[in-house]
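Single-letter residue listing:
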Amino acid sequence: MSVKLIALDLDGTLLNNEKSVSRGNREAIRWAAQQGVNVAFATGRSMGIIPPDAFSIPDVRYMITSNGAVISDRLRGVIACEYIPADTVDMLVNVLKGGSEMIEVFVSGMSHTQRSYNEEIMEAVRKGQDPYFYYYYRVSEDDIFDFMTKNRQVIEMIIVNFQRGEDPRMKLESLSRIDSVPGICTTTSLPYNIEIVSAAAGKGNALVRLAEQLGIEREQVVSMGDSLNDMTMPEVSGICVAMGNARDEVKERADMITASNVDDGVAGAIYRILEEDSKEGNR
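Describing the sheet that holds strand 7 (residues 110–114)
- Reading across from one edge, 8-7-6-9-11-10 is the order of the 6 strands in this open sheet, with mixed pairing throughout. Strands with a single pairing partner mark the edges of an open sheet, and in this sheet they are strand 8 (138–141) and strand 10 (184–187). Each strand of the sheet is rotated relative to its neighbour by a mean of 25°, with strand direction disregarded.
- Against the sheet, helix 3 (residues 86–96) engages strand 6 (102–107), strand 9 (157–161), strand 10 and strand 11 (193–198), with an angle of about 10° to strand 9.

Put into structure tokens, the structure is as follows:
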């Protein structure tokens, strides 16, 4: 096997708990690129809320964003999209309307939320939450469901957010209602949200599309992640790496477990895999 593509999740994987990229991880990515390996982000974040510290890494050319709904190339821009089908958006509006959850709608890499939730968003930032995720790249809408209807053909992802500490049965009830809608895939990266994308999206499907565009075989792909929205990548990767801080379900499907996101686990896995690759005469 000669590794040609490494796909990195961001939160809980490449990013540390301060939402920045360590020097060790940066150096490992650069070294991998110097070996001729393509490095890509594979994140649930939309393009607009990738932290600048990660976005500025010059050795990462490709980005799978919004849980696989969009694939971008720094040189060519967006190269593939899988929007939620328009008729499915209409059904989701009917299912979600009247609920108490905060709805986020992602269009063109930006997060759109109901204006009435602005104070709650600011409170999250004041409590230390990532400002790029929670504030800077959000657009306030007077009526989020009206916005969904008007943009029904270009929605990348919808996230349903619950209050932290809320009765978990509420999430299960909402998930049951949402999963009754055809044409979607649901996942989660946090215990208090439900992430909705097209059934044709997902990180795994996007990784397949990117590899095909680059002429790379499944066995030449390495993926790294920590959460449930990374669970579609193992089946399309030659090597799947779980972070030391990953959920147990992710670790169970991994070929390798590395150190945590605060201990340069990405760097450790990159060096180990590519050095073994070199010993086998593949580099």
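Observations regarding the pattern of salt bridges
- All chains considered together, the criterion is met by 17 salt bridges.
- Among the salt bridges present, the one from Arg30 reaches Asp59, with a minimum N-O distance of 3.2 Å. Of this pair, Arg30 sits in helix 1 (residues 23–34) while Asp59 sits in the loop between helix 2 (52–55) and strand 3 (60–65), and the two are 29 residues apart along the sequence.
- What makes Asp59 partly exposed here is its relative accessible area of 21%.
- Residues Asp90 and Arg152 are paired through a salt bridge, measuring 2.4 Å at the closest nitrogen-oxygen approach.

Notes on the nonpolar core
- If you look at the biggest cluster of nonpolar residues, it comprises 35 residues, and the most contacted ones within it are Ile6, Leu14, Phe41, Met224 and Ile270.
- Looking at this core element by element, the count peaks at 6 residues for helix 10 (residues 265–279).
- Apart from residues no more than four positions distant in its own chain, Leu14 is found in contact with Leu8, Asp9, Ser20, Val21, Asn25, Ile29, Phe41, Ile57 and Val266.
- Counting residues in each nonpolar core, the second largest holds 21 residues, with Ile84, Val93, Ile184 and Ile196 among its members.

With respect to the sheet that holds strand 14 (residues 256–257)
- Spatially, 5-4-3-2-1-12-13-14 is the arrangement adopted by the 8 strands of the open sheet, whose pairing is mixed. Single-partner strands in this sheet number two, and they are strand 5 (77–81) and strand 14.
- As judged from the 4 bridges shared by strand 1 (residues 5–8) and strand 12 (residues 221–225), these two strands associate in the parallel manner. Within the sheet, the bridge partner assigned to Ala7 lies in strand 12 and is Ser223.
- Lying on the sheet, helix 10 is in contact with strand 1, strand 12, strand 13 (239–242) and strand 14; it crosses strand 12 at an angle near 160°.

Digging into the side chain of Asn161
- Secondary-structure assignment places Asn161 in strand 9.
- In this view, Asn161 contacts Glu101, Met102, Glu104, Tyr192 and Asn193; residues no more than four positions away in its chain are not counted.

Parameters at a glance
- Residues numbered from 1 in each chain as written.
- Predicted model: local features only at pLDDT ≥ 70, side-chain atom pairs only at ≥ 80, totals over all residues.
- Heavy atoms only, no water.
- Pairing = 2+ DSSP bridges.
- Helix = DSSP H or I, 4+ residues; strand = E, 2+ residues; numbered from the N terminus.
- Axes fitted to C-alpha atoms, helices over the stretch in contact; angles between N-to-C directions.
- Contact = heavy atoms within 4.5 Å.
- Salt bridge = Lys/Arg side-chain N within 4 Å of Asp/Glu carboxyl O.
- Buried < 20%, exposed > 50% of the residue type's maximum accessible area, 1.4 Å probe, protein only.
- Core = buried A, V, L, I, M, F, W, Y, C linked by side-chain atoms within 4.5 Å.

Remember that the coordinates give geometry; whether it matters functionally is a separate question.
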